[in-house]
Amino acid sequence: MKQKKYKILKTLIFFVIIISIGKTNTLSLFNEAVDEYKKGNFTNALEKFLTIKEELHKNKKISAEVFYNIGNCYFRLNQLGLSRYYYELAKLCNYHNKNINYNLNLVKKLTGNNLEENLMEQIVSFFSFNELLILIFILNLIFFSSIILNIFLTSKLLKWAKRISGILFGILFILGIIRYINETKLTGIIIEPTNLLSAPTELGQTKSIQINEAKKVIILTEKEDFYAVYLKQDKIQGWIKKDKIKTIKL
Amino acid sequence: MKKILFFIFIIFNFYHFISAEINVVASVDKNVVSLNEQITLQITISGTTTNLPQPKIPQLSEFQVYSSGRSQNISIINGQVNSSITFSYVLVPQKIGEFEIPPITVEYQGKTYQTQPIKIKVEKQTSTQQIPTEKNVYKGTKRDLFIETFVDKKKAYVNEQITLTFRFYTKVNLLSQPQYSPPSTTGFLTEDLPPQRNYYTIIDSERYYVTEIKTALFPTTAGKFTIGEATVRCMIEDFDIDDFFSDSFFKRFFSTGKEVVLKSQPIEITVLPLPQPQPQFFYGSVGKYTITTYIEKTKISQNETVFLNIKISGIGNIKSISFPKSTIENILGKNFLVYDPISSLEIKKENYKVIGNKIFKIPITPLVAGKIVIPEIKFIYFNPETAQYETTISKPITLEVLPAEKSNLNIEKNLSKKEYQKIELEDIRYIFETFKAKRIYSKNLLILIQFIPLFSWLSIITYRTYRKNLLKDIKKYRATRAYKKAFEEIKKINFKDKNKFWEKIYEIITEYLADKMNLTKEAICIEEINKFYKNKISSQTYNELIYFWEEINFYRFAPSKVENLNIKEYLNKVISLLKKLEDETKKI
């Protein structure tokens, strides 16, 4: 019995040590990367941040700060497509962070993509999808609770609560559906200047349009090495090689 | 309001419609040809509309005319549509002499546009164009298909464009899409030159279908380099028309074809170094360029950061154009803080030349107030056509810098320029020095919980409706609740008081039966039980019920007779009887 307890304890200690070593390694690597960045060695810093990102990914973890710092490195290395891609990922992790939003907007402005969203989309994207879902749930709860209570009780306050929460819930529910439709669309960022082709082949195409990096595209379908994409700002569709696009997915 | 908007929309579209202009240009690849050669005539129609018309080709009796397809290019910049269609024709001269291709007309919106006439001189046949006889020719029946690669020049300067052309000639049906492996181009940067052209040509009185792919090559260093062999794999019919009556003709119906591999000859290229000495501030750009500079606003405050845009446009390897930050710092002097430039590219491929522009956006912050001039900026490039270094110069820009009320840049502290830069950079783009990692959560749970309040409300409504309906039918209500009620009462039985036990159990059963029959307790008797249950339940259960009911009725008046009886066991029997009754009546 004692031996068994000792064995369990040993295994536990082993795992604690392994986890703490892993954490210390990632932390020291992050600090090294920050130092490299401060020194202006952006390529070295980028390599280290990317290693941290991979390590976290293996453990099914994400970090807005790591994504953001990778975005900064790419920005310094003048790869605005990849820079925007990582800022977008950082925003998915930390929606209202001022630094992330500032840098993302700066890249969008520099690449002429600052008018991507129309007014409705700007309203819908005021909250993150999670925040919107929580808000809808709260109003949903107030609305239905007031309806249920109204079955047993009659009160003016309940009636008003029912009306106001009902209207707000209705509005947010519609916004939520619009947002859900947008969220389920697979989007990507063009990471380097490329051609938008009229057919999924480079040999047979007769039409092509030059597309600049850092443009956000909606991915409609895929065929072999190509994605069929829709460019919302320019309102055009076409085919782009898969290696020119990075899909925004955590 | 809607009407006004509609009116504006109509006026805008009408203006757009009437203002659309087109441009028509015709060109030939050569003006002097021999009788056995061919001329490629290209008619390009361009304009600010996507609905471009087709040209009318005049009668050309001195030539055989074949259409070799068309290519379209559409570009949308800031919502402005520019499109062009190039119609390609192959002209095969029929006789010697000097001829003229008359103006080609295009009609658009009631206007007629026409090209300039083109003079063509057809000379005596010098030598017959041969199908290449190197190893790239497939030795099939009647030389059915072959490939060739060639370059526009075999000597070029470093970073000068060399156009590599690949052509695939075929006059037989292909059973599959040909697989093209481009040649190896070590020592060169490559850029695709779309569109791929397809046309017909005549060689040795045979008509071939040609697929042409062009690629721009930019040598990276001086020396001798080899463009490797291009390969095409395709499947052709395993069939010869000459053997119509032989077995091979019938093989066609069963054969899946045969694979043919075609290879081109490697090409040697001599890359010349750029002439020495190279001028100061030359960064390796080769081609022909112009420089322009602009700033979004010229009236700014002292600590405000604006973008100085340096746009270099022209023909050449646009991607390789560089403009180091140090050069800009030298030009702007001590009056500005200069940050890392950000560049953007726009590349087009027109007439198989790489053209476009590269814009360097340089964030600059004026350190002093007043009128500051951003001086002219020079860009030096090597022009391979003149074999000389040439300079393009931008115009100077005058900035009006207003003094800052509260300067972020604390000039009084005499900080160095690098320290200012660091402060400003941290303000603009802050790097996180710590990080938190979190698990990836699914949003599905948050979506699913949205339905909880709705389901709760629906459940309450359903239950209330059910109860309401139940209360309307008192007979059904009593019958439904009878079993549950009996059980609740059984749980309350006190086993210690045996005298009261029989009284209680009799009461429970009677009440159960009364509820089931919708009668009062007092009205329950053998006759009523018989009337209700006789034909509804099995005779065994019926007998059991009568037996128990009579026995319990007896025991409640003479409890001393059953003092030795285990009442818990007896109760279990009663419970099982009630269950049986419930189950059997439910089946009815």
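Counting from 1, residues in each chain are numbered in the order their sequence is written. Labels are handed out in written order, letters beginning with A for the chains and numbers beginning with 1 for the ligands. Given that the model is predicted, a residue must reach a pLDDT of at least 70 before its local features are reported, and side-chain atom pairs must reach 80 or more before they are shown or counted; all residues, however, enter totals for whole chains, interfaces and linings. Water and hydrogen atoms were dropped before computing side-chain values, which therefore reflect all heavy atoms in the structure.

The subject of this paragraph is the interface of chain B and chain A. The contact rule is simple, with two residues in contact once any of their heavy atoms fall within 4.5 Å. Contacts between chain B and chain A engage 49 residues on the former and 63 residues on the latter. In this assembly, chain B packs against chain A so that about 5,100 Å² is buried in total across both faces, 63% of it on carbon and sulfur atoms. Take a side-chain nitrogen of Lys or Arg and a carboxyl oxygen of Asp or Glu: if they are within 4 Å of each other, that pair is a salt bridge. Between the two partners, chain B and chain A, sit one salt bridge. Two N or O atoms form a polar contact when they lie within 3.5 Å of each other; inside protein one atom must be a possible hydrogen donor and the other a possible acceptor, and for residues adjacent in sequence the pair counts only when both atoms belong to side chains. Put simply, chain B and chain A have 10 residue pairs in polar contact (both at pLDDT 80 or more) between them. Each helix is a run of H or I in the DSSP string that is no shorter than four residues. Each strand is a run of E no shorter than two, and both are numbered from the N terminus. Taken together, the elements giving at least two residues each to the side of chain B that touches chain A come down to β4 (63-77), β14 (188-203), β24 (342-350), α4 (417-428), β30 (438-439), α5 (444-448) and α6 (451-472) of chain B. Just so you know the grouping, Ala, Val, Leu, Ile, Met, Phe, Trp, Tyr, Cys and Pro go in nonpolar, Asp, Glu, Lys and Arg go in charged, and all remaining residues, Gly too, go in polar. Of the residues belonging to the side of chain B that touches chain A, the class tally is 27 nonpolar, nine polar and 13 charged. The pairing of strand β1 (residues 61-62) of chain A with β30(B) spans two bridges and is classified as antiparallel. Note on β30(B): the bridge partner recorded for A:Ile62 is B:Lys438. Two parts placed together each lose some accessible area; with a 1.4 Å probe, that loss summed over both constitutes the buried area. Strand pairing is assigned whenever DSSP identifies at least 2 bridges connecting the two strands.

It is worth spelling out the sheet that holds strand β12 (residues 162-170) of chain B at this point. Residues and elements named next belong to chain B. Ordered in space as β10-β12-β15-β14, the four strands form an open sheet in which the pairing is antiparallel. With one partner strand each, in any of the chains shown, β10 (145-151) and β14 form the two edges of the open sheet. Pairwise comparison of adjacent strand axes, ignoring direction, gives a mean angle of 15 degrees for this sheet. By the bridge criterion, 13 bridges tie β14 to strand β15 (residues 206-219) in an arrangement that is antiparallel. Counted as the bridge partner of Thr 190 is Leu 217 from β15. Note on definitions: angles span 0 to 180 degrees between N-to-C directions of axes, and those axes are lines fitted to C-alpha atoms, for helices only across the stretch in contact.

So, on to the pattern of salt bridges. A pair can form between side chains of opposite charge whenever their charged atoms are brought close. Overall, the coordinates contain 32 salt bridges over all chains when judged by the stated rule. A:Glu192 is the partner of A:Lys244 in a salt bridge, and the nearest nitrogen-oxygen pair spans 3.3 Å. With A:Lys244 in the loop between β7 (236-241) and β8 (245-247) and A:Glu192 in the loop between β2 (187-190) and β3 (194-197), the pair connects residues that are 52 residues apart, well separated along the chain. A:Glu192 sits in the partly exposed class, given a relative accessible area of 34%. One salt bridge connects B:Lys171 with B:Asp144, and the closest N-O pair in it is separated by 3.4 Å. On the criterion of sequence distance, the pair formed by B:Lys171 in the loop between β12 and β13 (179-181) and B:Asp144 in the loop between β9 (118-123) and β10 is long-range, its members being 27 residues apart. Classification of B:Lys171 as partly exposed rests on a relative accessible area of 26%. The rule is simple: take the accessible area with a 1.4 Å probe, protein chains only, and divide by the maximum for that residue type; under 20% is buried, over 50% is exposed, in between is partly exposed. B:Asp144 gets classed as buried once you look at its relative accessible area, which sits at 7%. In the salt-bridge network here, residues are joined through shared partners; they are B:Glu148, B:Arg167, B:Arg197, B:Glu212 and B:Lys214.

A word on the layout of surface pockets. Only protein atoms enter the calculation, which uses a 1 Å grid: trapped sets of points that fit a 1.4 Å probe without letting it out are cavities, open sets showing protein on both sides within 12 Å along at least five of seven lines are pockets, and any residue with an atom within 4 Å of a point is a lining residue. Grid points are joined across faces, edges and corners, and a volume is the space filled by probe spheres set on the points. Approximately 1,600 Å³ is the volume attributed to the second largest pocket. Along the walls of the second largest pocket sit 47 residues, with A:Leu92, A:Phe129, A:Arg179, A:Glu183 and B:Lys443 positioned nearest its centre. Of the residues belonging to the lining of the second largest pocket, the class tally is 19 nonpolar, 10 polar and 18 charged.

So, about the packing of aromatic side chains. By convention here, two paired aromatic rings are described through the distance between centres and the angle between planes. Any pair of Phe, Tyr and Trp rings, taking the six-membered ring for Trp, is counted once the centres come within 6.5 Å. Such a pair is stacked with planes under 30 degrees apart, edge-to-face with planes over 60 apart, and tilted for the rest. Per the counting criterion, the structure on display carries 38 aromatic pairs over all chains. Residues A:Phe30 and A:Phe49 carry aromatic rings whose centres are separated by 5.5 Å and whose planes lie at 70 degrees to one another, so their mutual orientation is edge-to-face. In this pair, A:Phe30 sits in helix α1 (residues 2-39) while A:Phe49 sits in helix α2 (residues 42-58), placing the two residues 19 residues apart along the sequence. Residues A:Phe30 and A:Phe49 agree in their burial class; the two are buried. Grouped by ring-pair contacts, the aromatic residues B:Phe501, B:Trp502, B:Tyr547, B:Phe548, B:Phe554, B:Tyr555 and B:Tyr570 constitute a single cluster. The rule is short: NZ of Lys or CZ of Arg within 6 Å of the ring centre and within 35 degrees of the ring normal puts a charge over the ring. For the cation-ring pair, A:Lys91 lies above A:Tyr95, with the distance from its terminal atom to the ring centre recorded as 4.8 Å. Sitting above the plane of the B:Tyr352 ring, B:Lys214 keeps its charged end 5.1 Å from the centroid.

Nonpolar side chains tend toward joint burial in soluble globular proteins. Residue and element names in this part refer to chain A. Here, nonpolar core means buried Ala, Val, Leu, Ile, Met, Phe, Trp, Tyr and Cys residues that are tied together by side-chain atoms lying within 4.5 Å of each other. Core analysis: the biggest nonpolar cluster contains 41 residues, and Phe 49, Phe 75 and Tyr 86 have the highest contact counts within it. If you list the elements that add at least two residues to this core, you get α1, α2, α3 (64-76), α4 (80-93) and α5 (98-110). Inspection of this core shows a minimum of three residues originating in each of domain 1 (3-110) and domain 3 (187-247). Once you skip the residues sitting within four places of it in the chain, Tyr 86 turns out to touch Leu 50, Lys 53, Phe 67, Ile 70, Gly 71 and Tyr 74. Note that the domain bounds reflect an automated or database-derived domain assignment.

What follows is about α4(A). Residues and elements named next belong to chain A. If you check α4, its first and last C-alpha atoms are 20 Å apart, about what 14 residues at 1.5 Å a residue would give, namely 20 Å. Counted residue by residue, α4 has 12 buried out of 14 residues, so it is predominantly covered. Among the residues of α4, those classed as buried are Leu 80, Gly 81, Leu 82, Ser 83, Arg 84, Tyr 85, Tyr 86, Tyr 87, Glu 88, Leu 89, Ala 90 and Cys 93. In this scheme, a helix's expected span is set at 1.5 Å multiplied by one less than its residue total.

All names here are of chain B. On the basis of which strands lie adjacent, the open sheet formed by three strands has the order β21-β29-β26 and mixed pairing. With one partner strand each, in any of the chains shown, β21 (299-301) and β26 (370-374) form the two edges of the open sheet. Direction aside, the axes of adjacent strands within the sheet are offset by 35 degrees on average. Two elements, β26 and strand β29 (residues 397-402), share five bridges in a ladder whose sense is antiparallel. Considered in β29, the bridge of Ile 372 is made with Leu 399.

Residues A:Phe173, A:Ile177, A:Tyr180 and A:Ile181 make up a contiguous nonpolar surface patch of roughly 380 Å² in combined accessible area. In this structure, A:Tyr180 sits in helix α8 (residues 156-184). Residues with no salt bridge and a relative accessible area higher than 30% make up the patches, which join like charges within 9 Å and nonpolar side chains (Val, Leu, Ile, Met, Phe, Trp, Tyr) within 5 Å. All accessible areas in this document rest on Shrake-Rupley with a 1.4 Å probe, and a residue is counted as covered only by the protein chains that are shown.

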